[in-house]
Amino acid sequence: MTQPSARPAEVPYPPQRLHGLFNPKSIAVVGASEKSSWSRYLHYLLHSEHFTGPVYYVNPRGGSVHGQPAYRRLAEVGSAIDLALIIVPAQAVLGVLQEMAEAGVGNGVIITAGFAEQGPAGESLQQELAAFARAHDLALLGPNCLGYVNVVGGIPAMPSPYPPVIPGKVALISQSGALTSTLFSYAYLQHIGLSALVSTGNEAVISMSEIMDYYVEDEATEVIALFIESVRSPERFRQVAQKALARAKPVVALKIGRSERSARIAQAHTGALVGDDRIYDALFRQLGIMRVNSIEELLITAGTLAQTGLLPGKRLAFVALSGGSCDLVADYAEQYGFELPEFTESTRQALSDLLPDLGPANNPLDTTGAVVNRPQLFEEILQRVGADPGLDLLVCAHSLPSEEQSEQVRSFNMRLLQHVVAGLGSSSHPAFLLDFVSSDLRGPAREAVERYSWPFIPGGIERGLQALARAAWWSEERRRFARQPVAGSREHEPSPVPPVLPESGVQSWSEWQVRHLLEAYGLPLVPAHLVQSTDEAVAAARQIGWPVALKIVSPDIQHKSDVGGVRLNLRSEQEVAAAFAEIVRAVESLRPAARREGLLVSPMRSDGLELLVGIVHDSLWGQVLAVGLGGLWVEAFRETSLRVLPVSREDIHQMLNELRGRPLLSGARGSPPADIEQLVEVIYRLCQLAQALGQRLEALEINPLRIHGSQIEVLDALLSWR
């Protein structure tokens, strides 16, 4: 037998290598026992579901288990084994891996717990088995996981009972094993079809990112849904998410832990504003990942995307036999970013011909009770609306049939809904059916949706529209991604020559040092003179022109105002001389040990808008860019837009557009509009500089960056090192 080559820790398992893990033709249950509930569940599921390959049972005592012969070791089976389901005690797992290597079993699911989740001893054991697995190229899921169910392939490699599953297009990957049954149940009750469900466990060998990659390439999967507790391989995660966006395969994520943890960097305002969870929000936006806030939203959004695919836009038409629901939709449309365009004149005339008593045909459209007497009218209304060229999608809400309804009411409701669905089917735009409220799909409603293939979005009006809004957002992100410049274009131009980094142990630079660095990268700076005496300060002020600002220059003082190191609006030689003396006394009193390089004299700038532009190092994702209102307002408003580097110029455009203060950049109260292209270029150059500084950079911040029409200047900057 040829010994498989070792797989270095930094080399991921590619999708083709994981095919045998998720599509085995033969399975061995290692640790099979009549006393183990896991073993009993696996035996039941593997023999009662759709798996048709051989199942072998391994128990060191031999004999028989579950009425089948039991082998003492994997090597005794004597036939090819594609997958080992491992349920032995934690201390015995490494021995099983050794057996797998000897018997040529390349794939395993370690269901057993008792590893890194149990503390240092378990962590050590987990590292040992991970090292062995990589040395022998074993593809292992877990430990401490519940395995997986390949729904489309009929492979229930999960030792847990689960409700009926609807085969579909959504692959659900969960870092929570305990929630798998809940996820299965809710998907079934909302009629959401799954291609697979995978419990990742501790990810000792195969990470969630590698499993994502497998389902990005899986032809049976069109949408990937993630339940995330933490990202263990961030760079790989980012690469796979970009690959999913490139292949137009949507990713929906429920990332738990929204509370902000200790992510403050003491030396910079940027660090004070960049919390872990906000970085996840920013990165998911960059990668086209739809972040949701609940299990319900996770599954409804994923199920919706499996139906919609790419949506053309956010121009929505809503039709219902309910004026109240139309009013609700008007509110929800604004909340979720839909447009509700007026119908064209020809559409309004067509609707008026159908319903002379309707009055003005507005969007959302209440059909009135006329459709109750003439169900065919509902279909005709939807046909007219669905033909309107000014729309991107059409949604109709109506109650589904239920067991609680009388036979007569249910029969009428079904007849009306058949006309609704026929009308939606004639639309020249994507068209969908919603129920008014969120409820489980049961009895006659499930039967109707399945039998007639209704274009049904679960979750009721609010969650349904929310899911459609996310689908529309993702569609636009996919189009934006497709428009991005290719390699060799301006976005991929070479950066300037990297600057010389400081010696180890240096914690921060003075503003004067930072100014030289920014200038070398072509960033525009407010004029300034470094002075050492009162006479030099007065002379510099005369040369610059009144009024001026005076501030301390020290690598040990990052926030100068805190130590009385700044004086503003100095309008005479006497004021400059007095301010020089006051600053020196204040610094000597409050920071006597601080190194002083002198004082900086610069002109006052009273007009224009001030922004904060900062880059801070995050321990998980690397360099993070923050852009927001600057100057004294940055902490008061706490409004910043974030992105993880690298970014494109279009990314920076988006960041500026996300700010509530964005209209100020277009000109307000007589001020000239900002040169947005020049502003984007300045921020882009700062990002290039940060990337050139690399891992040594802790924080690089411009606060404020002054914008007045086409004049853009750095007024103050700080830099700290790791």
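For the structure itself, look to the data block above.
A brief structural summary. (Residues numbered from 1 in each chain as written. Predicted model: local features only at pLDDT ≥ 70, side-chain atom pairs only at ≥ 80, totals over all residues. Heavy atoms only, no water.)

### A look at the overall build of the protein chain
Link 1 in the chain: Along the protein chain, the regular secondary structure elements total 24 helices and 30 strands.
Link 2 in the chain: Across its three principal directions, the C-alpha atoms of the protein chain cover 100 × 80 × 45 Å.
Link 3 in the chain: Within the protein chain, the proportion of its 722 residues that are buried is 57%.
Link 4 in the chain: Long-range pairs, those at least 24 residues apart, make up 73% of the contacts in the protein chain with a sequence separation of at least 6.
Link 5 in the chain: Carbon and sulfur atoms form 50% of the exposed surface of the protein chain, whose accessible area is close to 29,800 Å². (Helix = DSSP H or I, 4+ residues; strand = E, 2+ residues; numbered from the N terminus. Buried < 20%, exposed > 50% of the residue type's maximum accessible area, 1.4 Å probe, protein only. Contact = heavy atoms within 4.5 Å. Areas by Shrake-Rupley, 256 points an atom, 1.4 Å probe, with all protein chains shown as cover.)

### Some remarks on the nonpolar core
Link 1 in the chain: Of all hydrophobic cores here, the largest spans 89 residues; its most connected members are Leu97, Tyr215, Leu226 and Phe237.
Link 2 in the chain: In this structure, Leu298, Leu299, Val329 and Ile461 belong to the second largest nonpolar core, which totals 54 residues. (Core = buried A, V, L, I, M, F, W, Y, C linked by side-chain atoms within 4.5 Å.)

### A short note on the pairing of strand β13 (residues 251-255)
Side chains on a regular strand alternate between the two faces of the sheet.
Link 1 in the chain: Judged by how many residues are buried, β13 sits mostly within the fold: five of five residues are covered.
Link 2 in the chain: Because side chains alternate across β13, one face comprises the buried residues Val251, Ala253 and Lys255, and the other comprises Val252 and Leu254, equally buried.
Link 3 in the chain: When strand β12 (residues 223-228) meets β13, the two strands line up parallel, connected through five bridges. Directly across from Ile224, in β13, lies its bridge partner Val251.
Link 4 in the chain: With helix α7 (residues 234-246) bridging β12 and the parallel β13, this β-α-β connection has right-handed handedness.
Link 5 in the chain: Inspection of the sheet shows β13 paired to strand β14 (residues 289-291) by three bridges, in the parallel sense. Bridging from a neighbouring strand, Ala253 pairs with Arg291 of β14. (Pairing = 2+ DSSP bridges. Right-handed = clockwise from strand over helix to strand, strands pointing away.)

### Describing the environment of Leu609
Link 1 in the chain: Locating Leu609 in the fold gives a position in strand β25 (residues 609-618).
Link 2 in the chain: Accessibility expressed as a relative area gives 17% for Leu609, which makes it buried.
Link 3 in the chain: In sequence terms Leu609 and Glu379 are 230 residues apart; their C-alpha atoms lie 55 Å from each other.
Link 4 in the chain: The residues contacting Leu609, other than those within four sequence positions of it, are Leu629, Leu664, Leu665, Leu705, Arg706 and Ile707.

### Let's talk about the pairing of strand β2 (residues 55-58)
Link 1 in the chain: Neither face of β2 is left uncovered, since the one carrying Val55 and Tyr57 and the one carrying Tyr56 and Val58 both have all their residues buried.
Link 2 in the chain: When strand β1 (residues 27-30) meets β2, the two strands line up parallel, connected through four bridges. Bridge pairing in β2 links Val29 to Tyr57.
Link 3 in the chain: The sheet contact formed by β2 and strand β4 (residues 68-71) spans two bridges and is parallel. Counterpart to Val58 in the pairing with β4 is Tyr71.

### Description of the side chain of Ser294
Link 1 in the chain: Looking at the element boundaries, Ser294 is found in the loop between β14 and α10 (295-308).
Link 2 in the chain: A distance of 3.4 Å separates a polar atom in the side chain of Ser294 from a polar atom in the side chain of Glu296. (Polar contact = N/O pair within 3.5 Å; in protein donor to acceptor, adjacent residues only side chain to side chain.)

### Quick word on the pattern of salt bridges
Link 1 in the chain: Inspection of every chain in the model, using the stated rule, returns 38 salt bridges.
Link 2 in the chain: The closest approach of N and O atoms between Arg451 and Glu447, which form a salt bridge, is 2.7 Å. With Arg451 and Glu447 both in helix α16 (residues 443-452) and four residues apart, this pair spans about one turn of that helix.
Link 3 in the chain: When its relative accessible area of 54% is taken as the criterion, Arg451 is described as exposed. (Salt bridge = Lys/Arg side-chain N within 4 Å of Asp/Glu carboxyl O.)

### Concerning the packing of aromatic side chains
Link 1 in the chain: All chains considered together, the criterion is met by twelve aromatic pairs.
Link 2 in the chain: One aromatic cluster in this structure is built from Phe22, Tyr148, Tyr214 and Tyr215.
Link 3 in the chain: The lysine or arginine in question, Arg7, covers the ring of Tyr13, its NZ or CZ lying 4.4 Å from the ring centre.
Link 4 in the chain: The ring of Tyr188 has Arg446 lying over it, and the distance from NZ or CZ to the ring centre is 4.0 Å. (Phe/Tyr/Trp six-rings, centres within 6.5 Å; stacked < 30°, edge-to-face > 60°. Lys NZ or Arg CZ within 6 Å of the ring centre and 35° of its normal.)

### Some details on the packing of helix α1 (residues 15-22) against helix α6 (residues 208-217)
Link 1 in the chain: Interhelical geometry of α1 versus α6 gives an angle of 90° and a closest axis separation of 9 Å. Judged by the angle between their axes, α1 and α6 are roughly perpendicular. The residues of α6 that touch α1, namely those facing Pro15, Leu18, His19 and Phe22, are Glu210, Ile211, Asp213, Tyr214, Tyr215 and Glu217.
Link 2 in the chain: A class-by-class count of the residues in the contact of α1 with α6 yields six nonpolar, one polar and three charged. (Axes fitted to C-alpha atoms, helices over the stretch in contact; angles between N-to-C directions. Parallel < 35°, antiparallel > 145°, perpendicular 65-115°, else oblique. Nonpolar A, V, L, I, M, F, W, Y, C, P; charged D, E, K, R; others polar.)

### A short note on the sheet that holds strand β6 (residues 107-110)
Link 1 in the chain: If you walk across this open sheet you meet the seven strands as β3-β4-β2-β1-β5-β6-β7, and the pairing is mixed. Edge positions in the sheet fall to β3 (64-65) and β7 (139-141), since each has one partner strand and no second.
Link 2 in the chain: On top of the sheet, helix α2 (residues 37-48) reaches β1, β2, β3, β4 and β5 (83-86); it is set at about 165° to β2, its chief contact.

### As for the sheet that holds strand β21 (residues 529-531)
Link 1 in the chain: Here we have four strands laid out as an open sheet, ordered β21-β24-β22-β23, and antiparallel in their pairing. Looking at which strands have only one partner, the edges of the open sheet turn out to be β21 and β23 (566-570). Taking each pair of neighbouring strands and ignoring which way they run, the sheet shows an average axis angle of 25°.
Link 2 in the chain: Where strand β22 (residues 548-553) and strand β24 (residues 598-603) come together, six bridges link them in antiparallel fashion. Bridge assignment links Ile552 to a residue of β24, and that residue is Leu599.
Link 3 in the chain: Helix α19 (residues 534-544) contacts β21, β22 and β24 of the sheet and is inclined by roughly 165° relative to β21.

### Some words on the environment of Asn107
Link 1 in the chain: With respect to the helices and strands, the residue Asn107 is situated in strand β6.
Link 2 in the chain: The class of Asn107 is buried, set by a relative accessible area of 7%.
Link 3 in the chain: Sequence separation between Asn107 and Gln126 is 19 residues; the distance between their C-alpha atoms is 17 Å.
Link 4 in the chain: Excluding residues that lie within four positions of it along the chain, Asn107 makes contacts with Arg17, Gly20, Leu21, Asp82, Leu83, Ala84, Met100 and Ala139.
Link 5 in the chain: Here the side chain of Asn107 touches Arg17 through a polar contact of 2.9 Å, side chain to side chain.

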